[in-house]
Amino acid sequence: MSIKSRLIVSYIAMLIVPIILSIIATIFIGSFYIHSLQMAYNVKLERKESIEKFINREGTLFQEVQNTAKKSPDNLKNTSYLKSLDEKLQVINTGIIVRQNSKILYASKSVDKEVTNGLPSFGSNDGERKSHPLIGDKILNQLDFHFSDGSEGSFFTVTDIALIKNTAIKFIITVVMAIIAILVFTNAFLTFLVSRSIIKPLESLKSSALQIKNGNLDMRVRNNFNDEIGEVCLAFEEMRIKLKESLSLQQQYENNRKELISNISHDLKTPITAIKGYVEGITDGVADSPEKIDKYIKTIATKANDLDRLIDELFLFSKLDLNKLPFNFEVFDIKSYLEDCVEELQFDFDDRNVRINLETCITSSFMVSADREKLKRVIINIVSNSVKYMDKDYGKIKIELIDAGEFAQIKIQDNGQGIPEENLKFIFERFYRVDPSRNTSTGGSGLGLAITKLIIEEHGGKIWAESVIGEGTAVFFTLRKI
Ligand code: ADP
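Residues numbered from 1 in each chain as written. Predicted model: local features only at pLDDT ≥ 70, side-chain atom pairs only at ≥ 80, totals over all residues. Heavy atoms only, no water.

Visitor: Just to check I follow, could you spell out the overall build of the protein for this structure?
Guide: When its secondary structure is counted, the protein shows twelve helices and twelve strands. On the principal axes, the C-alpha backbone points of the protein span a range of 180 × 65 × 35 Å. Looking at the protein as a whole, 38% of its 482 residues qualify as buried. Taking the contacts inside the protein whose residues are at least 6 apart along the sequence as the reference set, 63% of them involve residues at least 24 apart. Summed over all atoms, the accessible surface of the protein reaches about 29300 Å², with 58% contributed by carbon and sulfur. Looking at charge distribution, the protein has the averaged site of its 61 positive side-chain charges lying 10 Å from that of its 64 negative ones. (Helix = DSSP H or I, 4+ residues; strand = E, 2+ residues; numbered from the N terminus. Buried < 20%, exposed > 50% of the residue type's maximum accessible area, 1.4 Å probe, protein only. Contact = heavy atoms within 4.5 Å. Areas by Shrake-Rupley, 256 points an atom, 1.4 Å probe, with all protein chains shown as cover. Lys, Arg positive; Asp, Glu negative; His and termini not counted. Charge placed at Lys NZ, Arg CZ, Asp CG, Glu CD.)

Quick look at the structure:
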């Protein structure tokens with residue numbers, strides 16, 4: 001459940017739960033005080049007798065007395081009749097007083113002197129019930145009538161409501177306190193529940209953030225929450241993965257940079273050391289004949305050329321790698337372009353006993369968008385590798401143009417020594433040479449195929465190789481068709 005819905009539910013619960021609990025508490029407290037009142041009056045409500053009826057007992061009896069006063073008023077002088085009335089009213093804390101003229105004929109034991117002394121005088125409402133204002137905690141009702149001898153008679157009921165009043169006050173105080181307690185408890189409980197459901201995931205998120213801050217990017221950000229915090233956890237987890245990837249990429253770049261510097265230093269150092277050696281050989285007089293000196297100078301020139309070529313390739317590679325070499329894309333027919341290339345290459349490698357052929361089923365023109373110069377570089381690099389690593393007396397290089405859907409696929413196949421399976425996937429990496437001694441007689445820099453790969457990728461194509469040891473190697477690359 002989302003935090004928003006959780007908050008709404010808790011607010012509704014904060015309203016409804018206290019109302020329900022307050023109603024239950026009021027009923028419970030009410031029945032408790034009713035029970036305590038029953039105990040105080042020492043009565044039990046009869047099964048079907050309501051509280052109202054119970055309280056109205058006084059009214060019913062008063063009615064009876066009213067009838068008696070009308071029909072046979074002298075009965076109200078009869079002590080045993082009055083006692084029976086008195087007993088019936090005692091249970092509701094009510095006493096009776098009967099007065100003839102100003103003389104008190106009968107007064108219940110519960111009625112104190114203060115009341116009997118301050119009774120109201122005979123009134124004009126003959127035969128009717130008259131209620132007087134409260135005297136302290138007492139309710140006074142009066143019935144005036146005439147005895148048979150014509151004397152003035154008054155019948156009073158005196159109800160003591162102190163107990164009911166106190167019980168009602170206690171009931172109200174208890175209910176108010178119970179409602180306050182219910183409000184405090186439900187609010188505290190619901191606030192605790194809601195805040196726990198928010199704080200707990202936040203703490204888990206905080207500990208994950210601390211782990212990330214301290215560089216521990218391997219620990220997953222726990223996410224068992226399907227709310228807004230769950231979404232934050234998900235974003236954190238994605239951030240952790242991205243950060244980890246970028247750090248490992250950075251590390252890889254750093255390693256590559258170190259490796260590159262070490263490779264460059266090594267490749268530059270080797271010919272320079274050789275040149276120094278031959279120069280010392282000449283100056284120290286080791287080369288003591290004109291033939292030897294000539295041989296030494298030729299070797300120095302070869303090494304200087306190697307160095308020059310390596311620096312050129314390094315320069316080209318670094319420019320391509322940094323995307324600083326501009327590409328001049330043109331739309332042209334790749335078939336006739338390859339035909340020209342093959343002619344040129346055949347001429348260049350004529351003295352190496354190598355035959356270069358172009359094969360294709362494509363008869364019409366085949367347009368691609370490419371940089372002519374850079375593409376020439378790609379083809380020269382691949383073909384010169386085929387020539388460099390040729391171990392057969394008669395070298396055969398076949399260039400094939402294939403229609404591969406959206407792409408033009410060019411395959412350059414030789415019948416050379418081949419490349420072992422385990423080395424094949426590395427040949428497009430910079431400075432990689434299959435020969436582990438890295439001291440080949442071919443004078444390769446290990447940058448040729450790396451440069452080729454960068455050029456093809458800049459064209460939006462792909463490059464890969466297949467090889468069979470002893471049978472030859474095929475290098476494939478693709479160019480997008482127009
Ligand atoms: P290099 O300047 O050493 O030729 P490349 O990047 O052009 O560097 O090639 C990387 C390595 O792949 C070479 O050193 C060589 O061992 C291997 N290689 C590339 N082309 C061929 C091929 N046609 N036949 C055999 N080995 C090859």
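Visitor: Looking at this structure, how should I read a nonpolar patch on the surface?
Guide: A cluster of nonpolar side chains, I8, I12, L15, I16, V17, I20, L21 and I24, forms an exposed patch at the surface whose accessible area comes to about 680 Å². Its location among the elements puts V17 in helix α1 (residues 3-41). For V17, a relative accessible area of 32% gives the class partly exposed. (Patch = residues over 30% accessible without salt bridge, like charges linked within 9 Å, V, L, I, M, F, W, Y side chains within 5 Å. Salt bridge = Lys/Arg side-chain N within 4 Å of Asp/Glu carboxyl O.)

Visitor: What is the right way to look at unusual backbone geometry in this model?
Guide: Across residues other than glycine, the phi torsion is negative in most instances, and most of the peptide bonds are trans. The backbone of N101 sits at a positive phi, close to 50°, despite the residue not being glycine. Here N101 shows up in the loop between β1 (94-100) and β2 (103-107). The class for N101 is partly exposed, based on a relative accessible area of 45%. The backbone of N353 shows a phi angle near 55°, a positive value even though the residue is not glycine. A relative accessible area of 43% means that N353 is categorised as partly exposed.

Visitor: What is the right way to look at the sheet that holds strand β12 (residues 472-480) in this model?
Guide: The strands making up a sheet associate through hydrogen bonds between their backbones, and the pairing can be parallel or antiparallel. Here we have five strands laid out as an open sheet, ordered β7-β9-β10-β12-β11, and mixed in their pairing. Either end of the sheet is taken by a strand with one partner, and the two such strands are β7 (354-360) and β11 (463-468). Mean inter-strand twist for the sheet, computed between neighbouring axes without regard to direction, equals 15°. Summarising the sheet, strand β9 (residues 395-404) and strand β10 (residues 407-414) pair through eight bridges and their orientation is antiparallel. Bridge pairing in β10 places K398 opposite Q413. The sheet strands contacting helix α9 (residues 334-348) are β7, β9, β10 and β12, and the helix crosses β7 at an angle near 170°. The sheet strands contacting helix α10 (residues 372-388) are β7, β9, β10, β11 and β12, and the helix crosses β12 at an angle near 170°. (Pairing = 2+ DSSP bridges. Axes fitted to C-alpha atoms, helices over the stretch in contact; angles between N-to-C directions.)

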